[in-house]
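# An overview of the molecular structure
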Amino acid sequence: MTCGRLRREWEPDGPIPSWARAHVAECTACRAHVEELSRLRRALAALAEVPVPEDFTHRVRARALVARPPALWPRALAVAALGAIAVALLFTLERERSSPPEGPRAFVASPSSAEIAPREMAPHATSREAPETAALGKRPRVAPPARSKGDQISRMTTPASVGPNRTSARDYEAVLSEAFVSREADPSDAPLSHDGVILLLRNEETQEESILAIPPVVFGSRLLPLRPASPTPGERRRIL
Amino acid sequence: MSGYACWSDHDLMAAVREGDDGAFDELVRRYQSPMTGYLYRLLNDYETALDLAQETFVRLYRNAHRYRANHNFSTYLYKIATNLAISELRRRKRWNMFSLVSFFAARDGEGDERPFDLPDPQPLPDAQILHEERRRIIARAVASLPEKYRVAIVLRDIQGLEYEQIAEVLGLPLGTVKSRINRARNFLREKLRGYLSE
């Protein structure tokens, strides 16, 4: 069919092929098609002209000159950043390895000298009890020791057993022994046994005492190596 | 400067590779208008078109060492410009962006040709007014084409590239290119029927 072939093969900007000339002269639809597409082509070609600012070349030159160095910069920066990270990592690891293992530090104050006396940098196992024991003026409920390490631990703590409302050595034992028991139960728990603080809180009016166990959630707290289950006499003295 | 006028594009690129900035300026002068026009018809935003046209030349400059004279230089340049334009169109689609200039121009009834209208104190003759109006309508019809048809017909009927070049620029088979151009023409013919009668 000549109409279909003409529409498929004829290019609007080219001459009408010889095989189609007679047909176009006779066929009104094909003639209209050819004329419309020719006009469209001319109209589209007229859109090609777009003004360009006079300083276009200068702007391109300026951008090109600025853009040239960054081809090297990202790589150099990446290498430098990686180097800095590697050095910082090595330095940190080296420092960790060379620092001597420390036992937990103790902040000891006489029970009678302060309203709030930090007693011990204790392991983490008491952290669950913190909400229960945090209330001032209320005698804390402390879980009984899971194992009979009380003898060792009671010597590490300062008993405050004067008066009916005073916190007994057994209370300290309970809190601390649970922590120590949990350490001893599974030495591989080392990453979980963080430092914490146990505070003895005493209400001066009612003379009631509470134990406040602060879990080690403070930003920047530092992991310390496990303390041996049985402290040396020197260590006991330091803690007390 | 004028000594470069008789140099071929490939020779100029070889000189650019050697660090000849004068040769680069000559290439920019040769292709600044086609590139800006091409990008303007694709993006329908004059400022972005200018920016991307400059970026096209910057990329050409930065990658001059990678240029190989196996192909037509203009094909290479159009390929860079097309990639930039397609990225810009996709970015706009993602963020649903539009040109404030075009938006306000359209509201004022000025159409998207407004950036090119230089103030002329003389009243325009009727024929010129009609010509400008028709040009504006045709440009708007081109801008309304779907992206894949628009790119193809702008390269062919506005920029005047050969089918083979277009296929290379777009990375498409020749048949696909011809088909897209045909469909775009038929779409425009239907849409502009009343304006193409004279």
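Quick caveat: nothing in here was measured; it's all calculated off a predicted structure.

Procedures and definitions
- Residues numbered from 1 in each chain as written.
- Chains lettered and ligands numbered in written order.
- Predicted model: local features only at pLDDT ≥ 70, side-chain atom pairs only at ≥ 80, totals over all residues.
- Heavy atoms only, no water.
- Helix = DSSP H or I, 4+ residues; strand = E, 2+ residues; numbered from the N terminus.
- Buried < 20%, exposed > 50% of the residue type's maximum accessible area, 1.4 Å probe, protein only.
- Contact = heavy atoms within 4.5 Å.
- Areas by Shrake-Rupley, 256 points an atom, 1.4 Å probe, with all protein chains shown as cover.
- Core = buried A, V, L, I, M, F, W, Y, C linked by side-chain atoms within 4.5 Å.
- Buried area = accessible area lost by both parts, 1.4 Å probe.
- Salt bridge = Lys/Arg side-chain N within 4 Å of Asp/Glu carboxyl O.
- Polar contact = N/O pair within 3.5 Å; in protein donor to acceptor, adjacent residues only side chain to side chain.
- Nonpolar A, V, L, I, M, F, W, Y, C, P; charged D, E, K, R; others polar.
- Axes fitted to C-alpha atoms, helices over the stretch in contact; angles between N-to-C directions.
- Left-handed = near helix turned anticlockwise from the far one by under 90°.
- Phe/Tyr/Trp six-rings, centres within 6.5 Å; stacked < 30°, edge-to-face > 60°.
- Lys NZ or Arg CZ within 6 Å of the ring centre and 35° of its normal.
- Parallel < 35°, antiparallel > 145°, perpendicular 65-115°, else oblique.
- Arc of directions from axis to C-beta.

Of the regular secondary structure elements, chain B holds nine helices and zero strands. Split into buried and exposed, the 198 residues of chain B put 48% on the buried side. By sequence separation, contacts in chain B at least 24 residues apart represent 63% of the contacts at least 6 residues apart. Total accessible area computed for chain B in this model is approximately 10300 Å², and 51% of it derives from carbon and sulfur atoms.

Another point: the nonpolar core. In terms of nonpolar packing, the biggest core is built from 76 residues, with L44(A), F24(B), F57(B), L60(B) and L188(B) touching the most fellow members. For L60(B), the contacting residues outside a window of four places in its chain are M13(B), F24(B), L27(B), F73(B), Y76(B), L77(B) and I80(B).

On the side of chain B, 41 residues touch chain A, which itself brings 33 residues to the contact. Summed over both sides, the interface between chain A and chain B buries roughly 3500 Å², with carbon and sulfur atoms accounting for 59% of that surface. Three residues stand out in chain A for area buried against chain B, namely L47(A), F56(A) and R63(A), and they jointly supply 19% of the buried area on that side. In this structure, the connection of chain A to chain B is made through eight salt bridges. Note that E11(A) is salt-bridged to R156(B), the shortest N-O span being 3.2 Å. There are 14 residue pairs in polar contact (both at pLDDT 80 or more) connecting chain A and chain B. Put simply, the parts of the chain that give the side of chain A that touches chain B at least two residues each are α1 (2–9), α3 (28–45) and α4 (56–67) of chain A. Taken together, the residues of the side of chain A that touches chain B break down into 19 nonpolar, two polar and twelve charged.

As enumerated under the stated definition, the model contains 19 salt bridges over all chains in all. Measuring nitrogen to oxygen at the nearest pair gives 3.4 Å for the salt bridge that ties E36(A) to R193(B). One end of the pair, E36(A), is in helix α3; the other, R193(B), is in the segment after α9 (174–191), on a second chain. You can call E36(A) buried: its relative accessible area is 14%.

If you trace the backbone, R135(B) turns up in helix α6 (residues 126–143). Taking the C-alpha atoms as reference points, R135(B) and Y195(B), 60 residues apart in sequence, are found 9.7 Å from one another.

With that settled, consider the packing of helix α2 (residues 21–43) of chain B against helix α7 (residues 147–158) of chain B. All names here are of chain B. Look at α2 against α7: their axes get within 10 Å of each other, and the N-to-C directions meet at 145 degrees. α2 and α7 meet at a crossing whose hand is right-handed. Contacts between α2 and α7 involve Y38, R41 and L42 on the former and, on the latter, R150, V151, V154, L155 and I158. Residue composition of the contact of α2 with α7, grouped by class: six nonpolar, no polar and two charged.

Below, the discussion takes up the packing of aromatic side chains. Residues and elements named next belong to chain B. Following the criterion strictly, the structure yields eight aromatic pairs over all chains and no others. Ring geometry for F24 versus Y61: centroids 4.7 Å apart, planes at 50 degrees, classification tilted. One end of the pair, F24, is in helix α2; the other, Y61, is in helix α3 (residues 46–62), with 37 residues separating them in the sequence. Aromatic ring contacts, followed pair by pair, group Y31, Y67, F73 and Y76 into a single cluster. The positively charged end of R156 is found above the aromatic ring belonging to Y163, 4.6 Å away from the centroid. A cation over a ring is seen here: K178 above Y163, with NZ or CZ 5.5 Å from the ring centre.

All names here are of chain B. Two elements in contact, α3 and helix α4 (residues 73–95), have axes whose closest approach is 10 Å; the angle formed by their N-to-C orientations is 130 degrees. Between α3 and α4, the crossing angle belongs to the class labelled oblique. The handedness of the crossing between α3 and α4 is right-handed. Of the residues in α4, those in contact with T48, L52, E55, T56, F57, R59 and L60 of α3 are F73, Y76, L77, I80, A81, L84, A85, E88 and R92.

Three- or four-residue spacings in an α-helix give side chains the same orientation, since the helix completes a turn every 3.6 residues. Residues and elements named next belong to chain A. Buried within helix α2 (residues 18–26) are the following residues: A20, H23 and V24. Along the axis of α2, the buried residues cluster in a sector spanning 100 degrees; they form a single face. α2 presents S18, R21, A22, A25 and E26 as exposed residues on the side facing more than 90 degrees away from its buried surface. On its buried face, α2 sits against α1 and α3.

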